[in-house]
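What the coordinates show
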Amino acid sequence: QLDAVKAGADDFLSKPIPAEFLVSAISTRAERYRSLRTLILRDGLTGLYNHTAIKEELISEVAISNRNQAALAVAMLDLDNFKHVNDTYGHPIGDQVLRTLSRLLRQRLRRSDVLGRYGGEEFLVIFPATSALSAQIVLDEVRLAFMALQQHSEQGEFSVTFSAGVSDLSLAQDVDALIACADAALYEAKKTGKNRVVLGLSKPG
């Protein structure tokens, strides 16, 4: 029994064991595993994949798309003037804005699209079987919907916008290059006025 536990077992159930006890023991451990896995993979504020998990998902999706010679688009989103939101309305309201965008993305995008909080106020979205142009059109609709939402605070209502950059496998074939291309397009969106979705047109660098 000690050897089994040292090898990584959760517990040692001695036979004979009543069926209902066995089912209960396994169900409890499975639920605990799911809870721990969620804590490891998910961002605590938004419920989206965290930085490490979304990059692992992108590695997997790129491999699948390359193997099947299918399209794949990646977008980097960043809230505009988010420091001003935190400074003016407070960090709890800033967290509220992050949750609002996360919820809207889940509502507006497909179940097959993969969402992650890349860091701070930045999000990464994976669009399987989608070109950069198609992803740009979809995200622009999300952008308009998000801009129209009124955020509530003690100081009054206000609205927030986001900028985004989009790339796809026609521009880069590996994960780091895809992210770099989308990030370069995001930088262009910020530089040219914010509140827009820009398509990556060339490989960065």
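Above this note sits the structure.
Description of the structure in this document. These numbers were taken from a predicted model, which means no experiment stands behind them.

A few points about helix α3 (residues 51-68)
Under the 1.5 Å per step criterion, the end-to-end length of α3 is 26 Å for 18 residues, consistent within 8% with the ideal 26 Å. Taken from the residues just after α3, Q69 is the one with a positive phi, measuring 50°.

Some words on the layout of surface pockets
Regions of empty space are outlined by a rolling probe, equal in size to a water molecule, passed over the atoms. Roughly 150 Å³ of volume is contained in the largest pocket. Classifying every residue of the lining of the largest pocket by side-chain character gives four nonpolar, two polar and four charged.

A few points about the packing of helix α4 (residues 82-89) against helix α5 (residues 91-108)
For the pair α4 and α5, interaxial distance at closest approach is 7 Å and the crossing angle is 135°. Considering their axes alone, α4 and α5 lie oblique with respect to each other. Note on element contacts: α5 touches α4 through H91, I93, G94, V97 and L98, opposite F82, V85, N86 and Y89. Per-class residue counts for the contact of α4 with α5 are six nonpolar, three polar and no charged.

Details of the sheet that holds strand β2 (residues 114-119)
The sheet built from five strands is open, its strands ordered β2-β3-β1-β4-β5 with mixed pairing. Edge positions in the sheet fall to β2 and β5 (197-199), since each of these pairs with one other strand and no more. Between one strand axis and the next, the sheet turns by 20° as a mean value, whatever way the strands run. Here β2 pairs with strand β3 (residues 122-128) via five bridges, running antiparallel. Bridge assignment links G119 to a residue of β3, and that residue is E122. Sitting on the sheet, helix α6 (residues 132-148) touches β1 (72-79), β3, β4 (162-168) and β5, and the angle it makes with β4 is about 170°.

Considerations on helix α7 (residues 175-191)
Compared with an ideal rise of 1.5 Å per residue, which puts 17 residues at 24 Å, α7 spans 24 Å between its outermost C-alpha atoms and is within 8% of the ideal. Capping of α7 at its N-terminal end is provided by D174; its side-chain oxygen lies 3.2 Å from the backbone amide nitrogen of D176. G193 sits one or two residues past α7 and shows a positive phi near 125°.

Here we look at a positive patch on the surface
Where like charges cluster on the molecular surface, the positive patch consists of R42, R99, R103 and R106. With respect to the element layout, R42 can be found in the loop between α2 (19-41) and α3.

What about the environment of S102?
Among the structural elements, S102 can be located in helix α5. With a relative accessible area of 0%, S102 lands in the buried category. Here the alpha-carbon distance between S102 and F123, two residues 21 residues apart in the chain, equals 8.7 Å.

Scoring rules and cut-offs
- Residues numbered from 1 in each chain as written.
- Predicted model: local features only at pLDDT ≥ 70, side-chain atom pairs only at ≥ 80, totals over all residues.
- Heavy atoms only, no water.
- Helix = DSSP H or I, 4+ residues; strand = E, 2+ residues; numbered from the N terminus.
- Expected span 1.5 Å × (residues − 1).
- 1 Å grid on protein atoms, 1.4 Å probe; cavity = no way out; pocket = protein on both sides within 12 Å on 5 of 7 lines; lining within 4 Å.
- Points joined across faces, edges and corners; volume = space filled by probe spheres on them.
- Nonpolar A, V, L, I, M, F, W, Y, C, P; charged D, E, K, R; others polar.
- Axes fitted to C-alpha atoms, helices over the stretch in contact; angles between N-to-C directions.
- Parallel < 35°, antiparallel > 145°, perpendicular 65-115°, else oblique.
- Contact = heavy atoms within 4.5 Å.
- Pairing = 2+ DSSP bridges.
- Polar contact = N/O pair within 3.5 Å; in protein donor to acceptor, adjacent residues only side chain to side chain.
- Patch = residues over 30% accessible without salt bridge, like charges linked within 9 Å, V, L, I, M, F, W, Y side chains within 5 Å.
- Areas by Shrake-Rupley, 256 points an atom, 1.4 Å probe, with all protein chains shown as cover.
- Salt bridge = Lys/Arg side-chain N within 4 Å of Asp/Glu carboxyl O.
- Lys, Arg positive; Asp, Glu negative; His and termini not counted.
- Charge placed at Lys NZ, Arg CZ, Asp CG, Glu CD.
- Buried < 20%, exposed > 50% of the residue type's maximum accessible area, 1.4 Å probe, protein only.

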